[in-house]
Structure formats: structure tokens, C-alpha cells
Amino acid sequence: MKERQLTSRGLKMLQAAILFAFVLACVVGFKAVNVKAGTMYTVSVQSGYLALRTAPAYDDSNEIGKLYSGDQVEATGGYSGKYLWVYSSKLGKSGYVNGDYLIGAGSSVSGASYTVRVASGYLALRTAPSYNSSNEIGELYSGDTVQIAGSTSGKYVWVYSPKLNKQGYVNGDYLVGYNGGSSGNNYSSYASYTVSVASGYLALRTAPSYNSSNEIGALYSGETVYVVGGTSGSYVWVYSPKLGREGYVNGDYLVGYRGGSSSKYSKSYTVSVASGYLALRTAPSYSTSNEIGALYSGETVYAAGGYSGEYLWVYSPKLGREGYVNANYLY
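Procedures and definitions
Residues numbered from 1 in each chain as written. Predicted model: local features only at pLDDT ≥ 70, side-chain atom pairs only at ≥ 80, totals over all residues. Heavy atoms only, no water. Helix = DSSP H or I, 4+ residues; strand = E, 2+ residues; numbered from the N terminus. Buried < 20%, exposed > 50% of the residue type's maximum accessible area, 1.4 Å probe, protein only. Contact = heavy atoms within 4.5 Å. Phe/Tyr/Trp six-rings, centres within 6.5 Å; stacked < 30°, edge-to-face > 60°. Core = buried A, V, L, I, M, F, W, Y, C linked by side-chain atoms within 4.5 Å. pLDDT = per-residue confidence, 0-100. Salt bridge = Lys/Arg side-chain N within 4 Å of Asp/Glu carboxyl O. Pairing = 2+ DSSP bridges.

Of regular secondary structure, the protein possesses one helix and 26 strands. When burial is assessed residue by residue, the protein has 41% of its 331 residues classed as buried. In the protein, 54% of the contacts between residues at least 6 apart in sequence involve partners at least 24 apart.

Written out as C-alpha cells, the structure is:
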């Protein structure tokens, strides 16, 4: 009888050992899945940090790490409400994060879309609403699009860039049609021209060349565009109020516009300044931000458009581009 009791006890111990081994295998297997490569996401918070948590709930007591904009995490589990189980290689930990602050596959931003316009260089995507090289996290060029993803701070607005797959601040003055910043865009200060085509339409293009693949809009006779950039051969960079975007058009189809070479211009002027230079500008106003070239005494420019106050739209053979100059320094 005693021998049978020992046998029964041994059987129970064996069963317990098997159950423990099974549970341990499940746990180990589960952890292996959790660190298995999955979808990558980028953290994007307007300020502060995104907490890595032990539970899918907002509670100071469950925070186990801090993630900042630009940090990456790997989805290694599913959602629990709006929280997603992820692994952070930076922290070397797994936990829950609020999925609303992740950019990546399956994520989207529903804000209004705007096109970047810069006369030269790039528009910086920044971590803070201020002009500082240390807060730059990306470069956006004319034609790139962004979506409003947050609030404004002065003339800066929080956006999402599909190209960079990041969020950050940009200066709203360089977004076509955006008026949420300190000044917005005022195209009425630029020279305007009327489209004139014998038939069909004048294409708005992403590049200064004739190619169906670079067409982004159609302009018809009688419609107005504003010259807001430089020339490239017979093409000029314009803004179309109708389309709400910028691009290149063939200047030969703009009434009164003469671009390209000096042979197209009838009246010439000579620059005369006592010292320094005469600025060629994108707008008829005195501002260092609208300067696109420097003209010195003795250099020649050609009248290429009309007056706006004391400023005249001219073409500079030396610079190979058009813009406004203060006519008081021409003779």
C-alpha cells in the first residue's frame, strides 16, 4: 500500500513537471514572437515624450521609459484599445505605447495638405518652432507636400511630411495658400499675368520641360497666375490661385510676360548705386528675405514687366533671372 502511494505521488509530480515545462515553453515562445521583426514606426510628439508602459492605460505608475520624436519602435504585438505593444531598441524594452503618436505603415494624418515653396534652398522641418540649425530634422523642397498635424506657434505650424515620414514644425510662410502663420502668403504683391492659349490649355508643371509626366494642372485662357520665382529657359515659376498651387509654365503663353533672353526685351537700364549693390527681389518691398541676387553699378537690366510702387520687374542677363529692383537706382 505504501509502495502504491509513492507511485501515485510520483505520477502527480511527473504531471506537475510536464505542466510546468509546457507553461515555460509557452512563455519562452511568446517572448520570442514579441522580439521578432515587425512593422517599424516612428515616434512623433509635438512636445514632451511618449511613454512606454507596462499596461495599456494612461497612468504615471506604469511608465517604464521615455520615447521622443524620431525614435523608432517595432510592433511586436497587437492593439489593446489605442495602445500598441512594441519593442524599443533604444530602451531595450517592450511595452505599450499610445498608437496615436506613431507614424508609419497604416498611420495617417487627416489635416489639410499644402505645397512647399522656397525661392532657393530648402524649408527645414524642425523639432521646435524657432530658427536654429540644431533643431532641423529634415529638408523640404519646392513641390514637396505636407499635412497639418498640429497647432501653430507664431508663424510655425506642426506638420507631417509623407516624404520624410516625420512630423515637426515648419515656417508656414513657405506653404502655398497657408494663412495660419504670422503673415501667410500674399501673392497680390507679385506681378500677375493672364494666360492666353489658342486652344487647349497651358500646363502647370513640376519641371521646366515639356513632358506629360510633369503636368500637375491645366490653365485656360483668361486665367491669372503670379510670377513668384525664377525662369528656366522659356519656363517661369508661378502661383495659380485657381489651382492653389505653384509650378512652371511656358512664359510664351502669358500676356505681357517676356522671359528667357535679353533679346526679348526692348528697354534697357543701367544700375547706379553709390555703394554696395542693388538687390534683385521676389517681391516689390525692402526685405532681406526676398533678395535673390545682387546687381552692381554699371550692370544692365531689361524692363520685363510693370511697376509696383517704386519697384520695377526686370530681367538681369548677368543673373539669368527676373525680379523686382528699386527703379530709383536705374538710369
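Right, let's talk about the packing of aromatic side chains for a bit. The way to describe two aromatic rings as a pair is by their centre distance and the angle between their planes. In total, this model carries eight aromatic pairs according to the counting rule given. Ring geometry for W85 against Y96: centres 4.9 Å apart, planes inclined by 80°, an arrangement best described as edge-to-face. Of this pair, W85 sits in strand β5 (residues 83-88) while Y96 sits in strand β6 (residues 93-98), and the two are 11 residues apart along the sequence.

A few words now on the nonpolar core. Judged by nonpolar contacts, the single largest core of 20 residues is most densely connected at Y193, V238, V249 and L254. Contributing elements (two or more residues each) for this core: β14 (192-195), β15 (202-205), β17 (224-232), β18 (235-240), β24 (300-308) and β25 (311-316). Looking at this core, the element that brings in the most residues is β25, giving three residues. With near-sequence residues (within four places) excluded, V249 lies in contact with L202, A203, L204, L219, S234, Y235, V236, V238 and L254.

Bringing the confidence of the model for the protein into the picture now. Note that predicted coordinates carrying low pLDDT should not be read in detail. Of all residues in the protein, 79% have pLDDT values of 70 or greater, and the mean over the chain is 79. The model gives residues 23-37 a pLDDT under 50, and that stretch makes nine contacts with residues more than four places away or in other chains.

Turning our attention to the environment of V236. For V236, the location among the structural elements is in strand β18. When the C-alpha atoms of V236 and L254 are compared, they prove to be 10.0 Å apart, with 18 residues separating the residues in sequence. Ignoring any residue separated from it by four or fewer positions in sequence, one finds V236 in contact with V227, G229, G230, T231, G247, Y248, V249, G251, L254 and Y257.

If charged atoms from side chains of opposite charge come close, those side chains can pair. A complete count under the given rule lists eight salt bridges for this structure. Residue R53 pairs with E63 through a salt bridge whose shortest N-O separation is 3.8 Å. Of the two residues, R53 is situated in strand β2 (residues 50-53) and E63 in strand β3 (residues 63-67); the sequence distance between them amounts to 10 residues. Under the relative-accessibility criterion, R53 is labelled buried at 5%. The shortest N-O distance in the salt bridge between D144 and K163 comes to 3.0 Å. Linking D144 in the loop between β10 (136-140) and β11 (145-153) with K163 in the loop between β12 (156-161) and β13 (166-171), this pair joins segments that are 19 residues apart in sequence. For D144, a relative accessible area of 17% corresponds to the buried category. K163 sits in the partly exposed class, given a relative accessible area of 47%.

Next up on the list: the environment of T282. Among the structural elements, T282 can be located in the loop between β22 (278-281) and β23 (291-295). In the structure, T282 is positioned 92 residues away from Y190 in sequence and 7.6 Å away in space, judged by C-alpha atoms.

Let us look at the pairing of β14. Note that β14 and β17 share three bridges and pair antiparallel. If you follow T194 over to β17, its bridge partner there is T224. As paired strands, β14 and strand β20 (residues 254-255) are joined by two bridges and run antiparallel to one another. When the bridges of β20 are listed, V195 appears paired with L254.

For Y248, the position within the fold is in strand β19 (residues 245-250). Taking the C-alpha atoms as reference points, Y248 and I216, 32 residues apart in sequence, are found 9.6 Å from one another. Contact partners of Y248, with chain neighbours within four places excluded, come to A203, L204, R205, T206, A207, P208, G230, S232, Y235, V236 and W237.

Here we come to the side chain of N98. Topologically, N98 is positioned in strand β6. Setting aside its immediate chain neighbours within four residues, N98 contacts L50, K82 and Y83.

Its place among the elements puts T42 in strand β1 (residues 40-43). According to the relative accessible area criterion, T42 is buried, its value standing at 10%. Ignoring any residue separated from it by four or fewer positions in sequence, one finds T42 in contact with G70, D71, Q72, Y101, L102, I103 and N165.

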